[in-house]
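Here's the letter readout for the chains.
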Amino acid sequence: MKNKQEIIFSEIGFKWNKLGKLAQNFYQDYQNITHYKILLNHLEKNKNSII
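In this text the structure is predicted, and so the values were computed from the model without any measurement.

Re the overall build of the protein
The secondary structure content of the protein amounts to 2 helices and 0 strands. In the protein, which comprises 51 residues, the share counted as buried stands at 4%. Carbon and sulfur atoms make up 55% of the accessible area of the protein, which totals about 5300 Å².

Topic: a nonpolar patch on the surface
A contiguous nonpolar patch, built from Phe 26, Tyr 30 and Leu 39 and spanning about 260 Å² of accessible area, is present on the exposed surface. The residue Phe 26 is located in helix H1 (residues 19–29) in this model. On the basis of relative accessibility, which here comes to 38%, the residue Phe 26 falls in the partly exposed class.

Describing the pattern of salt bridges
Counted according to the given criterion, the structure contains 1 salt bridge. Residue Glu 44 pairs with Lys 47 through a salt bridge whose shortest N-O separation is 3.4 Å. On the criterion of helical spacing, the pair formed by Glu 44 and Lys 47 is a turn pair, its members being 3 residues apart in helix H2 (residues 36–50). Given the relative accessible area of 39%, Glu 44 is considered partly exposed.

Conventions adopted
Residues numbered from 1 in each chain as written. Predicted model: local features only at pLDDT ≥ 70, side-chain atom pairs only at ≥ 80, totals over all residues. Heavy atoms only, no water. Helix = DSSP H or I, 4+ residues; strand = E, 2+ residues; numbered from the N terminus. Buried < 20%, exposed > 50% of the residue type's maximum accessible area, 1.4 Å probe, protein only. Areas by Shrake-Rupley, 256 points an atom, 1.4 Å probe, with all protein chains shown as cover. Patch = residues over 30% accessible without salt bridge, like charges linked within 9 Å, V, L, I, M, F, W, Y side chains within 5 Å. Salt bridge = Lys/Arg side-chain N within 4 Å of Asp/Glu carboxyl O.

This is the structure in structure tokens:
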């Protein structure tokens, strides 16, 4: 790691053996976003923040 940041591989509060609950959490978080372009915009912003 270049900048010594901690890497979090799954959402905080979810363990790898609870991925079904994690998926349900995502569905709940984004249930009110009904437009595909808005979801793509979220994806693009998150990708850019990672890069």
